[in-house]
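# Topology and contacts: notes
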Amino acid sequence: MNQKQSTPRADRRALVAQLIAATPDALIVSGLGSASYDVFASGDRDQNYYLWGAMGGAAALGLGLALAQPDKPVVVITGDGEQLMGIGSLATIAAKQPKNLTIVVLDNGHFGETGMQQSHSSLGTDLVAVAKGFGIADAFAVDRTAASAEIAQGINARQGTRFVQVFIEANEPERALPPRDGPYIKNRFRAALGLKPF
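Summary of the structure given here.

Rules and cut-offs
- Residues numbered from 1 in each chain as written.
- Predicted model: local features only at pLDDT ≥ 70, side-chain atom pairs only at ≥ 80, totals over all residues.
- Heavy atoms only, no water.
- Helix = DSSP H or I, 4+ residues; strand = E, 2+ residues; numbered from the N terminus.
- Buried < 20%, exposed > 50% of the residue type's maximum accessible area, 1.4 Å probe, protein only.
- Contact = heavy atoms within 4.5 Å.
- Salt bridge = Lys/Arg side-chain N within 4 Å of Asp/Glu carboxyl O.
- Core = buried A, V, L, I, M, F, W, Y, C linked by side-chain atoms within 4.5 Å.

### Quick word on the side chain of R188
- Note that R188 resides in helix α8 (residues 182-192).
- When its relative accessible area of 10% is taken as the criterion, R188 is described as buried.
- In this view, R188 contacts D44, R45, D46, N48 and Y50; residues no more than four positions away in its chain are not counted.

### Notes on the pattern of salt bridges
- Considering all chains together, one arrives at five salt bridges under this definition.
- With a shortest N-O distance of 3.1 Å, D138 and R162 are connected by a salt bridge. Residue D138 is found in the loop between α6 (127-134) and β7 (139-142), and its partner R162 is found in strand β8 (residues 162-167); the two are separated by 24 residues along the sequence.
- You can call D138 partly exposed: its relative accessible area is 34%.
- Residues joined in a network through salt bridges with shared partners are R12, R13 and D38.

### Quick word on the nonpolar core
- Residues I77, I103, F163 and V166 are the most contacted members of the largest nonpolar core, which totals 51 residues.
- Ignoring anything within four residues of it in the chain, the contact list for I103 reads A59, V76, Q83, L90, I93, R162, F163 and V164.

Structure below.
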């Protein structure tokens, strides 16, 4: 599915809220910027791991978490710009193939955090083809908010690595800022998993 031909687009906030509501046991890693704002706007949870930096690191962090917590569904919710920055992580994810990892890329075709410049996904890069090329067979694109139900079903089933590109409007919803204290987020997340702070 080419982004330029994709109409209409999913409502990012509604899709993320529906997805999280339908996956109550999921551990969620959100990429920096708008993805974290969307996750936080849907309701703060101890099982949310918000990234404020580490551009390109969300999928890699999600992989490590999925391998460490194989009995829990792990969801990475990030943007196209952030995923493009860490595109090589998809190769490692494909090599490991954790059954409990789903990567959801909210794709507005722009680098939202640096001024809304066009990203590569609106300039010809097909992220689904890239994911499949790395070896993630279950990779697909959606452009409807209602697709959250299908995505959630796969997350809860934990039957294989999935990559989902969600075409969204290139708008900027009001920012909902999650906690910025990295150690607090880390320790709260560890406590939710029954782990003690370092």
